[in-house]
Structures are given as C-alpha cells and as structure tokens.
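A look at the structure
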Amino acid sequence: MIFNSLSFLIFFVIVFFLYYFLFKENTKYQNWILLLSSYFFYGYVNWKIIPILLIATVIIFTLGIAIHSTEENEKKSSWLATLGILLGIGLLVYFKYFNFFIDSFSSVLNTLGLKSNIGTFNIIMPIGISFFTFKLISYIIEVHSGQIEPSKDFGVFATYVAFFPTIMSGPIDRPNNFIPQLLSKRSFKYDLTVNGCRQILWGLFQKAVIADNLATIINGVWDDIPNQSASKLLLIAILYSFQLYTDFSGYSHMAIGVGKILGFHITKNFNYPYFSRNIAEFWRNWHISLTSWLTDYIFMPLSFKFRSFGNWGLILAIIINFILVGLWHGANWTFVIYGLFHGLLFIPLILTETIFKKNKLNVNKYGLPSINDFFKIIGTFSIWTLSLIIFRADNILQAWNYFLDIFSPSLLNAPKFTSHDLALIFIIIIFIFIFMLIEWYGKETECPLFQLDKMKNKYSRWVIYFIILLSTIIFTGGKQVFIYVQF
Amino acid sequence: MNKTKITQEVEAIFRKVFDDDKLVINMTMTANDVDNWDSLTHMLLIVEVENTFNIKFKLRDLNKMKNVGDMIDLLVLKIG
C-alpha cells in the first residue's frame, strides 16, 4: 500500500476517525489503534512477513527490560546488549546479505581455481527490514548506555517499531525522540494537521509529477544502454538525480506529514541537499536519519578508537562509515563502491580542514548565491550525479560501461527521443525548474510550502495549493513503487 | 587543578577548535548552541582535551557528556 493510492486514503481515513473520534483523549487506546493499523499496513502486501517483525519486537522488548534490570552487573548487561545488537545485525545479514556473501565467497573460490558448488538460498527479504532493524538496534544501545529507560509497555514499544508512516522507508526515528511522544496525550491539533497536509501535498507533487514521470523514461534507457548516445546517457544520469531525490524526499515528506496529522514530530530526512557546496555538507543534508544513526553508532566509536592517528584516523573512520552507508542500501558491490567513492571524497576536505568550517550559505538581496557558491553547488551536484550511476547500476560492469559510453564522441550530438518522450521530458524539466526554485526560496523552512504562511491573503495561499494539486492530478505519472522501499 | 582553572582551559580549547576568540562556554551549553559543533569537531575537542590535560577518555565517558558541564565535571573527577 503506497501513500499515493486510493487504498491508503481509505485506510488512513478509517484510522484517523478511530484515532481521534472514537478513542480521543485515551492515549493507550490510540496507541493500540496505531499498532493494529501499522501491522495491517505492513502485512497488507504479504502477511507472512508479520511474524518476523513481531518476534524481533518481542525479543528486543524483553532484552531491553533485562538489560536495565541487570545494570548493576555490567558484564551481564553488556552481554545482553551484545546479544540484542547481534540479533538485529543477524536479521539484516540473513535476509539481506546472506546470498551476497555466499555468492562472493563462491566467486573468490572460483577465481582461486577451486571448484565450489555452494548454491544460494531462496530468501524473501521483508520490506522495511533495514529501517526497523536500525530502530531495534538503536533501542538496545540507548537502553544499555542509560540514555533511555526501557519501555515497560509492549504496545508502546511495538508501535515505535512498526509505526506505519515510517516502517517501509523511514525516516528512522530514534527511541529517545519517538517513545516519549507515544506516551504523551495526543488530541487533534489544527495547525499541526494543516502543516502535515501541506507537507503531504509537497511530497505527493514531487513523487507523482517528477519522480514517477521520470521513472518510465529513465528505466527505458537503463534497459538498453548500448544503443544510447552519450549525450542521452548524460541527460538521463542528471535526471536520475532528480528522480531519486524527489522519490525519496517525496516519500519522507508524506511520511512526516501523515505523522503530523496523527500528532507526531518525525525526524526529518532531507535538508535541501542539492544546494550543498561540498560532499560533507551534502551528507549532512541527505537521508539525515540514516547518516546520523551511522554517525552516532559507527563513526563516533570508530573515530574515537582511531583518534591517535590524527587526520588519517578520521579518514579511516569516514571510509568505513561510508562503505556501510553504501552497503546498507543492498547486497551488491555497486553499493560498496558507491559508499567507498563518497568516503574517499572526504579526504581532500579533511586534509585542507574545509570540513571543520561550516560557513552559512549567504545570498544577495535578490536571494541568489555568490558565483563561488553557485559553482560549488553545481560541482557537488555533478559529483553526486556521477556516483548515482554506480548506485543505479545492476552491477559494476554495467556502471563501468555507462561511464565509458558517456565519455564518447556522441556526447556532442543532441540526445534523440521519441516525440512523446521529448514532450514529457520538456514538461518534467520545467517542473524540476519550478520545484528547485520553490525549494531554493523555501530552504530556511522544514517544507518549502511553509513559507506561504508569510502571505497575508489566505486566498492566494489556497490558489497555490490548488495549482499544485491540479498539476499533481493532471501530470501524475504511472504509479511507481518508492525506490527506497526495496532497501 | 581546581574547577575554575579547568573551566578556563576548556574554554581556551573551545575557542581554538571553533576558531572563535569570543566564545564563552557555560555549564549547560550543548552542541546545539555552538555553530560547527558536530561529530567531527566533537572528536577534535576530545583529542584537544585529552592532550591538554594528559588524560584518556573511555568511550563510555563520551556517552555521559551531554553538555559542557558534564565534560568539566568528568575532568574534575579525573584530574581535580
């Protein structure tokens, strides 16, 4: 069930009614409504994956209480915490990486001239596993480090893990932020609901108008790379950057918006990454809930461990961290290379100490950046776009061929499209331009549409909402599954 | 070394790491209150504090430091 579907709309209206009207003011019942609806939402496509989520939740809930009750005995408490973390990692490794490891091991044996008959297994990966296991692991770490008390209410904990707006693709909320919200009273708040609706509208526009329309064109080109001109491959690579961003940012805005309607403040996932001036700034603004998770639980301990090696210790910690960022996306060497590539991009920033200085992006009286910053933004976007070729490719060879084909003489020829695709691309590029313009002028707010509050005339505001909604209805692309659901 | 002296030394470290001669620290100050205080500069701070006071933190110590006051209290405990 995707957010931009009729089935989700019906589902959400029912949940909303039960949540606010039937069980209003009763937090306990509201949480149970959320829990049951979350499990319904999660099992809607394939109910067989529900036991995995439920069993993992029960075990981690029990371990949380056990860790807390044995905190006087540090050794036992640490042992239980390690068990919980290994369980989370084990879930991920089994469902997501097991076949990848077998396959890679088998390839190494074959390369060494040894015959291997190790077959891979038919393992179905539960949707959202990368997201909910990270929630489970962070819960164990936070309880063990004494940052939070373990939850005594299974319903509350299970709702935190399975919360339907975020279970499929995040944002990955931390227990410190989310569990207290589940314990507090939630009544209908008009302002928060309006903000949520605006954020859903903005997310829907991005997803339906830009991402879904781009998907059909981009997928077609990627299915037939050898027969494309270099200029077309370059254009498609650039457009893919916008597809990925609008798809994932669109999803995140909708998830956060749905959360707001239910009275929750969900962690934000994007902070206008395409206006970043270097790759470090970019990663502070892209998929924030994942990068901050890895920063806290992987990068910080590693950089602390390597601190005696100075800058090179820092570089090593960053590279390991980014390989894991890549690998988090899936069991494929392309993701490892993608992560490594981004990790390596940090080296000059650390050696020149640019990374430690965060200068605010200044604009002139027309709201435009300096020439210097403009070129830095373009440069960062270009590097990102190139890295996404590795990210999008099925395997390293395909990525390599894509690169080779881009840097060929046909780069100077105009890209050829059918008249239908050409018209579609032209319309999408106009929408991308408008989208980026709205993002640019709204970049100081959580969602660019929030800046419409500055307008005194409420009718003008409604006209803008109506135009966005109408554009979304008229130009909506074929419904495509959100890209990040596969991760 | 008493708490006042430690606080002065820590303030000097903050000014050096964040390249701000006018930075004044207080006990409730957190990363949210200082521009550029992120995971990277936090590690620079830790290394500078360790070198200045000739001590070694444990990873567990890092988790306990929720604000500048926690850091100074920990230093008082270690060297005071």
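Residues numbered from 1 in each chain as written. Chains lettered and ligands numbered in written order. Predicted model: local features only at pLDDT ≥ 70, side-chain atom pairs only at ≥ 80, totals over all residues. Heavy atoms only, no water.

1. Points about the overall build of chain B
Put simply, the test is: Elements are defined by DSSP. Helices are runs of H or I of four residues or more, strands are runs of E of two residues or more, and each kind is numbered from the N terminus. Note that the radius of gyration is over C-alpha atoms, with the globule rule given as 2.2 Å times the number of residues to the power 0.38. Burial classes: relative accessible area under 20% of the type maximum marks a residue as buried, over 50% as exposed, and values in between as partly exposed (1.4 Å probe, protein chains only). Each accessible area is a Shrake-Rupley result for a 1.4 Å probe, and residues are judged covered by the shown protein chains and nothing else.
A tally of helices and strands in chain B yields four helices and zero strands. Secondary structure of chain B in N-to-C order comes out as α-α-α-α. For 80 residues, the compact-globule estimate of 2.2 N^0.38 gives 12 Å, and chain B sits close to it at 11 Å. With the C-alpha coordinates aligned to their principal axes, the bounding extent of chain B is approximately 30 × 25 × 20 Å. Looking at chain B as a whole, 45% of its 80 residues are labelled buried. As displayed, chain B offers around 4500 Å² of accessible surface, 47% of which is attributable to carbon and sulfur atoms.

2. Section: helix 4 (residues 74–111) of chain A
Residue and element names in this part refer to chain A. Stated precisely, the cut-off is as follows: To estimate the expected span of a helix, subtract one from its residue number and multiply by 1.5 Å. One axis fitted to the seven residues ending at a residue, another fitted to the seven starting there: the angle between these axes is the bend at that residue.
The first and last C-alpha atoms of helix 4 sit only 46 Å apart over 38 residues, clearly below the 56 Å expected at 1.5 Å per residue. The largest bend along helix 4 measures about 70° and falls at Tyr97. Downstream of helix 4 by a residue or two, Gly113 has a phi angle that is positive, lying close to 85°.

3. Here's the deal with the pattern of salt bridges
A side chain of one charge can pair with a side chain of the opposite charge if their charged atoms are brought near each other. Residues and elements named next belong to chain A. Using the following cut-off: Each salt bridge in this description consists of a side-chain nitrogen of Lys or Arg and a carboxyl oxygen of Asp or Glu lying within 4 Å of one another.
A full pass over the atoms with the stated rule returns 17 salt bridges over all chains. Measuring nitrogen to oxygen at the nearest pair gives 2.8 Å for the salt bridge that ties Lys207 to Asp247. Here Lys207, found in helix 9 (residues 190–222), pairs with Asp247, found in helix 10 (residues 230–261); they are 40 residues apart in sequence, far enough to count as distant. This pair shows no difference in class: Lys207 is buried, exactly as Asp247 is. Linked through salt bridges whose partners overlap, the residues forming this network are Lys207, Asp212 and Asp247.

4. Remarks on the interface of chain A and chain B
Short version of the rule: Two residues qualify as a contact provided that any one of their heavy atoms is within 4.5 Å of a heavy atom in the partner residue. Once two parts are put together, the accessible area they lose, assessed with a 1.4 Å probe and summed over both, is termed the buried area. The definition of a polar contact used here is a pair of N or O atoms within 3.5 Å, where within protein one atom must be able to donate a hydrogen and the other to accept one, and adjacent residues in sequence count solely through side-chain atom pairs. Side-chain classes follow a simple rule in which Ala, Val, Leu, Ile, Met, Phe, Trp, Tyr, Cys and Pro form the nonpolar group, Asp, Glu, Lys and Arg form the charged group, and the remainder, Gly included, forms the polar group.
Opposite the 19 residues of chain A that make contact, chain B presents 19 residues. Carbon and sulfur atoms make up 64% of the surface buried where chain A meets chain B, a total of about 1600 Å² over both sides. Here chain A and chain B share three salt bridges between them. A salt bridge links Glu50 of chain B to Arg307 of chain A; its shortest N-O distance comes to 2.7 Å. On inspection of chain A and its partner chain B, the count reaches three residue pairs in polar contact (both at pLDDT 80 or more). Listing elements by their share of the side of chain A that touches chain B, those giving two or more residues are helix 4, helix 12 (288–305) and helix 13 (311–328) of chain A. With six residues, the top contributor of residues to the side of chain A that touches chain B is helix 12 of chain A. Classifying every residue of the side of chain A that touches chain B by side-chain character gives eight nonpolar, six polar and five charged.

5. Observations regarding the nonpolar core
Applicable threshold: In plain words, nonpolar cores are sets of buried Ala, Val, Leu, Ile, Met, Phe, Trp, Tyr and Cys residues tied together by side-chain atoms within 4.5 Å. Either an automatic procedure or a domain database provided the assignment from which the domain bounds are taken.
Of all hydrophobic cores here, the largest spans 177 residues; its most connected members are Phe164, Trp283, Trp286 and Tyr484 of chain A together with Phe14 and Phe57 of chain B. Among the elements that make up this core, the one with the highest residue count is helix 10 of chain A (15 residues). Shared between two domains, this core holds at least three residues of each, these being domain 1 (6–187) and domain 2 (192–277 + 361–486) of chain A. When near neighbours in sequence (up to four residues on either side) are disregarded, Trp286 of chain A contacts Leu244, Tyr245, Asn269, Phe270, Pro273, Tyr274, Thr291, Trp384 and Tyr484 of chain A.

6. Some points on the packing of helix 3 (residues 50–69) of chain A against helix 6 (residues 154–162) of chain A
Describing two packed helices takes the angle between their axes plus the distance from one axis to the other. Residue and element names in this part refer to chain A. Quick reminder of the rule: A fitted line through C-alpha atoms serves as each axis, taken over the contacting stretch for helices, and the angle formed by two N-to-C directions is quoted from 0 to 180°. Angular relationships are summarised with four words: roughly parallel below 35 degrees, roughly antiparallel beyond 145, roughly perpendicular across 65 to 115, and oblique for the angles in between. Each crossing gets its handedness from the near helix: less than a right angle anticlockwise from the far helix is left-handed, clockwise is right-handed.
One can describe the packing of helix 3 onto helix 6 by two numbers: an axis separation of 10 Å at closest approach and a directional angle of 125°. Considering their axes alone, helix 3 and helix 6 lie oblique with respect to each other. Between helix 3 and helix 6 lies a crossing whose hand is right-handed. Contact residues: Leu53, Leu54, Thr57, Val58, Ile60 and Phe61 in helix 3; Phe154, Phe157, Ala158, Val161 and Ala162 in helix 6.

7. Overview of the packing of aromatic side chains
Residue and element names in this part refer to chain A. Here is the rule we go by: Centres within 6.5 Å make a pair out of two Phe, Tyr or Trp rings, where for Trp the six-membered ring is used; the pair is then stacked when the planes are under 30 degrees apart, edge-to-face when over 60, and tilted otherwise. Only lysine NZ and arginine CZ atoms are considered, and such an atom sits over a ring when it is within 6 Å of the ring centre and within 35 degrees of the ring normal.
For the structure on display, the rule yields 70 aromatic pairs over all chains. Arranged with centres 5.1 Å apart and planes meeting at 75°, the rings of Tyr274 and Phe381 form a pair that is edge-to-face. Here Tyr274 is found in the loop between helix 10 and helix 11 (279–285), whereas its partner Phe381 is found in helix 15 (residues 371–392), with 107 residues between them in sequence. We note that Tyr274, like Phe381, is buried. Pairing Trp283 with Trp384 gives two aromatic rings, centres 6.0 Å apart and planes at 85°, and the pair type is edge-to-face. Linking Trp283 in helix 11 with Trp384 in helix 15, this pair joins segments that are 101 residues apart in sequence. The residue whose ring lies beneath Lys135 is Tyr160, and the NZ or CZ to ring-centre distance is 5.3 Å. Across from the ring centre of Phe304, 3.8 Å away, lies the NZ or CZ of Arg307, which sits over that ring.

8. Observations regarding the domain arrangement of chain A
Residues and elements named next belong to chain A. When the domains of chain A are assigned, the result is domain 1 (6–187) and domain 2 (192–277 + 361–486). Distance between the C-alpha centres of domain 1 and domain 2: 30 Å. At the junction of the two partners, domain 1 supplies 24 residues and domain 2 supplies 17 residues. At the boundary of domain 1 with domain 2, total buried surface from both sides reaches about 1700 Å², with 67% on carbon and sulfur atoms. Counting across the interface, domain 1 meets domain 2 through zero salt bridges. Between the two partners, domain 1 and domain 2, sit eight residue pairs in polar contact (both at pLDDT 80 or more).

9. Observations concerning the state of the cysteines
Disulfides are covalent bonds that connect the sulfur atoms of two cysteines. Here is the rule: Note on terminology: disulfide denotes any pair of cysteine sulfur atoms within 2.5 Å.
Tallying each qualifying case throughout the model produces zero disulfides over all chains. No disulfide involves Cys197 of chain A; its sulfur sits 12 Å from that of Cys447 of chain A, the nearest cysteine.

10. Quick notes on the side chain of Thr133 of chain A
If you trace the backbone, Thr133 of chain A turns up in helix 5 (residues 129–144). When neighbours within four sequence positions are excluded, Thr133 of chain A is seen to be in contact with Gly88, Leu91 and Leu92 of chain A.

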